Amino acid sequence: MFRDSLRLLYHGDNASSPVITNKPSTVTLLREFDTPGVFPASARLDRSLKTTNGFSMKVWDVWKYPAFAFNKVSSLALDVISHHVWGPRRKSWGIEMTILSSLMRDVSRHAALADIAMSIGGLVPLPSDALVTPVTFRVRKRKLRGILETCDAMEDEKRELSGEWIIGKRLWQSLQSDYKSTRKTGEGAGFIDHTKIDHDPRKGQSRVILYIHGGAYYSSSAAAQRMLTIPLSKYTNARVFAVDYRLAPETVFPGQLHDVVSTYFRLTDDLRVPPENLVVAGDSAGAALGLALLLYLRDNGYTLPGGALLFSPWVDLTLSCESWDTNAACDIIPTPGPTAHLHPVIMYLGDGLEQYITHPYASPLFGKFDGLPPMLIQCGDAEVLHDEIVLLSHKASLAGVQVQLETYEDAVHVFQAFPFLSVATTAFISCREFVRHKLPRIQNHSPQVLDEDTEICLENDTDNDNVRVVRGDGVETNSGWQEVQEQMARESVDTSYEAQLTLRRIQSALSVVSERSVASQYLEDWPPHRKKFTLSSAPTRPSSPSESLPPHINIPFAASWAAMTSVASTTYLV
């Protein structure tokens, strides 16, 4: 009894678990976000907040550092002990998630002690097997319409933006083979037989993903989010371009949107990538910018991309949803306090906070989603943004958008960034299914095989002396075109030898099977495997990624509100 009392005391002091009674329906909650300019009654943000001049360190503030350190060490020790004695806060958590949650909890209360970035990418190793090419380009005047007309008119075509191409090693090797083949065949390689376009193997590597990093609009970078962009390229077999847009508070809304729109048009106009071949992706604030990009393109009559991948999108800057309280004790996002000098909403909107806080390009949950392309939305049920993401999915589904919402049990904000979590792999497998198999069949216009001019533009942008190989711990092992070519040639030989050995072992193992049909079926199923998706209002466990499924498997999508209880929600228990 004493032990149970201690557990109740511990979790009561460190968790926010109010009693929920008569919770409004989803339709009722959505009414608060129907009209831009009308502040929701449940908003947790004060519209009268103003930007500050920052934090000035004083001598008497020195004592706060050891106090903060002592508080964090004590809290961490208590959480670790509780994890081993009474179990974790969430039943599926390992010790890594307990430590991360403990470190990030209540950080916003002490934000004045340091400029704490809301990215924790440095705590985990970066994935391996990628080639990265930094790129810098000038921002051109493009006669943009709508809210960006003034921003566009101010450009003198001297300002530069940067970003980087991320290409998985296998895709890079395949592209190199195609480049060499094109050079050998000359002009004939540019001819495409459109009667056979559906069977062209190059169609599978014609996708380009525009990735917009998160970081609460004021921190992080394309390089810091490689733990997301590298596996995204590997799983989807797509070239990924991650842009470094300008950050707050130096740049306020809509400056970030202007940079993202300029990057989109650089891909479609300058590099000649067909819009239907593009997929917009992003995490957290970056996912919200991706949604804002879609809304801006639709509102102003521009061609939309083929689809969108949204990881934990932050779509309501008013902080109106209940999960900001109920999940605060578990998530790794520090809830911004009203006096924090690093308040992301204040820095992002600046003096235009009251004017823009419910603008659909700043808080997309207030927007209309008619005519937007298909979306895959992923979130965790332990993150503070959970409720607004669910509302976003319902609202888009009601507008006729094909949406797949995936809610991962016990997962935190942007859990895909943590390679030690098994659900991260599951999420990227889902991205692969969406981009490679489902999206080409449901988007308005099928992706095209990239023509020779487009391939040349992309090759010049990605395959130059700036390319480098990124190792698993983030260290760039080789840089420069010649070094990279030599390393990739060695790895290609090693891979071919290992593949031959593996094939021989498989054939040897299968030779002892008496029934040839069994062996034949095994070889037919090797190596590609599909992951099974389910549509159910009740929690279900996904089948193993190694389970073999027929190639025509469908991912469920929301066709209408009446057809489902929770959009196309797939809940994963891990």
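Note that the structure is predicted; figures quoted are calculated from it, not measured.

1. Overview of the confidence of the model for the chain
Here comes step 1: Summarising the model, the chain shows a mean pLDDT of 77, and 68% of its residues fall at 70 or more.
Here comes step 2: Low confidence marks residues 108-126, where pLDDT is under 50. Its contacts with residues over four positions away, or in another chain, come to 49 contacts.
Here comes step 3: Low pLDDT, under 50, characterises residues 510-569; the stretch is placed with 105 contacts to residues that sit more than four places away or in other chains.

2. So, the pairing of strand S8 (residues 403-408)
Here comes step 1: With 6 of its 6 residues buried, S8 lies for the most part within the structure.
Here comes step 2: Residues Val403, Leu405 and Thr407 of S8 are buried on one face, and the alternating residues Gln404, Glu406 and Tyr408, pointing to the opposite face, are buried as well.
Here comes step 3: Where strand S7 (residues 375-380) and S8 come together, 6 bridges link them in parallel fashion. Across the sheet, residue Gly380 finds its bridge partner in S8, namely Tyr408.

3. Concerning the packing of aromatic side chains
Here comes step 1: Counting across every chain of the model gives 15 aromatic pairs.
Here comes step 2: An angle of 35° between the planes, with centres 5.8 Å apart, marks the rings of Phe418 and Phe420 as tilted.
Here comes step 3: On the basis of relative accessible area, Phe420 is assigned to the partly exposed category, the value being 33%.
Here comes step 4: Linked through ring pairs, Tyr217, Phe253, Trp314, Tyr348 and Tyr356 together constitute an aromatic cluster.

4. Remarks on helix H13 (residues 386-398)
Here comes step 1: Between its terminal C-alpha atoms H13 stretches 19 Å, which fits the 18 Å expected from 13 residues at 1.5 Å a residue.
Here comes step 2: Counting buried positions over the 13 residues of H13 gives 12, a clear majority of the element.
Here comes step 3: Residues of H13 that are buried: His386, Asp387, Glu388, Ile389, Val390, Leu391, Leu392, Ser393, His394, Lys395, Ala396 and Ser397.
Here comes step 4: Those residues of H13 that are buried lie in contact with helix H2 (26-31), helix H9 (285-299), helix H10 (323-326), S7 and S8.

5. So, the side chain of Lys395
Here comes step 1: Its location among the elements puts Lys395 in helix H13.
Here comes step 2: Asp34 provides the closest opposite charge to the buried, salt-bridge-free Lys395, at an N-O distance of 4.3 Å.
Here comes step 3: For Lys395, the residues in contact, after removing those within four places along its chain, are Leu30, Phe33, Asp34, Leu365, Phe366, Gly367 and Phe369.

6. Here's the deal with unusual backbone geometry
Here comes step 1: Here Ala248 and Pro249 are connected by a cis peptide whose omega angle stands at 5°.
Here comes step 2: With respect to the helices and strands, the residue Pro249 is situated in the loop between strand S4 (239-244) and helix H8 (255-270).
Here comes step 3: Along the chain, Phe253 connects to Pro254 via a cis peptide bond; the corresponding omega equals 5°.
Here comes step 4: With respect to the helices and strands, the residue Pro254 is situated in the loop between S4 and H8.
Here comes step 5: Notably, Lys143 is not glycine yet its phi reads approximately 55°, a positive angle.
Here comes step 6: Along the polypeptide, Lys143 turns up in the loop between strand S1 (130-138) and helix H5 (149-153).
Here comes step 7: For Ser312, which is not glycine, the phi torsion reads 45° and is therefore positive.
Here comes step 8: Mapped onto the secondary structure, Ser312 falls in the loop between strand S6 (307-311) and H10.

7. Comments concerning the side chain of Asp316
Here comes step 1: Relative to the helices and strands, Asp316 resides in the loop between S6 and H10.
Here comes step 2: Buried within the structure, Asp316 lacks any salt-bridge partner; Arg44 is the closest side chain of opposite charge, at an N-O distance of 7.1 Å.
Here comes step 3: Among the polar contacts made by the side chain of Asp316, one reaches the side chain of Thr318 at a distance of 2.5 Å.
Here comes step 4: Filtering out sequence-adjacent residues up to four positions away, Asp316 remains in contact with Phe33, Cys321, Ser363, Leu365, Phe366 and Glu388.

8. What about the pattern of salt bridges?
Here comes step 1: Counted under the stated rule, the structure contains 15 salt bridges.
Here comes step 2: Measuring nitrogen to oxygen at the nearest pair gives 3.0 Å for the salt bridge that ties Glu164 to Arg226. Separated by 62 residues along the polypeptide, Glu164 in strand S2 (residues 160-168) and Arg226 in helix H7 (residues 226-236) bring together distant segments of the chain.
Here comes step 3: We classify Glu164 as buried; its relative accessible area is 5%.
Here comes step 4: Overall, Arg226 belongs to the buried group, its relative accessible area being 7%.
Here comes step 5: Each of Arg140, Arg142, Asp269 and Asp270 takes part in salt bridges that share partners, so that together they form one network.

9. Quick look at H9
Here comes step 1: Here H9 spans 21 Å end to end across 15 residues, near enough to the 21 Å set by a 1.5 Å rise per residue.
Here comes step 2: Among the 15 residues that make up H9, 13 are buried, leaving the element largely enclosed by the rest of the structure.
Here comes step 3: Just beyond H9, the residue with positive phi is Gly301, at close to 75°.

10. Details of the nonpolar core
Here comes step 1: Core analysis: the largest hydrophobic core is formed by 85 residues, its most contacted members being Trp314, Leu317, Leu349 and Met375.
Here comes step 2: Setting aside residues no more than four positions away along its own chain, Trp314 makes contact with Ala216, Tyr217, Ser284, Ala285, Ala288, Leu319, Trp324, Pro344, Val345, Leu385 and Glu388.
Here comes step 3: By size, the runner-up hydrophobic cluster in this structure holds 27 residues, among which are Ala222, Leu232, Ala242 and Phe428.

11. Digging into the environment of Arg138
Here comes step 1: Structurally, the position occupied by Arg138 is in strand S1.
Here comes step 2: Along the backbone, Arg138 and Glu160 are 22 residues apart, and their C-alpha atoms lie at a distance of 4.3 Å.
Here comes step 3: For Arg138, the side chain forms a polar contact with the main-chain oxygen of Lys158, separated by 3.1 Å.

12. Topic: the packing of H8 against H9
Here comes step 1: Where H8 meets H9, the axes come as close as 10 Å, and the angle between the chain directions of the two elements is 70°. By the angle between their axes, H8 is roughly perpendicular relative to H9. The two elements H8 and H9 meet at a crossing, and its hand is right-handed. Residues Gln256, Leu257, Val260, Val261, Tyr264 and Phe265 of H8 form the contact with H9, whose own contacting residues are Leu289, Ala292, Leu293, Tyr296 and Leu297.

Conventions adopted
- Residues numbered from 1 in each chain as written.
- Predicted model: local features only at pLDDT ≥ 70, side-chain atom pairs only at ≥ 80, totals over all residues.
- Heavy atoms only, no water.
- pLDDT = per-residue confidence, 0-100.
- Contact = heavy atoms within 4.5 Å.
- Buried < 20%, exposed > 50% of the residue type's maximum accessible area, 1.4 Å probe, protein only.
- Helix = DSSP H or I, 4+ residues; strand = E, 2+ residues; numbered from the N terminus.
- Pairing = 2+ DSSP bridges.
- Phe/Tyr/Trp six-rings, centres within 6.5 Å; stacked < 30°, edge-to-face > 60°.
- Expected span 1.5 Å × (residues − 1).
- Lys, Arg positive; Asp, Glu negative; His and termini not counted.
- Salt bridge = Lys/Arg side-chain N within 4 Å of Asp/Glu carboxyl O.
- Polar contact = N/O pair within 3.5 Å; in protein donor to acceptor, adjacent residues only side chain to side chain.
- Core = buried A, V, L, I, M, F, W, Y, C linked by side-chain atoms within 4.5 Å.
- Axes fitted to C-alpha atoms, helices over the stretch in contact; angles between N-to-C directions.
- Parallel < 35°, antiparallel > 145°, perpendicular 65-115°, else oblique.
- Left-handed = near helix turned anticlockwise from the far one by under 90°.

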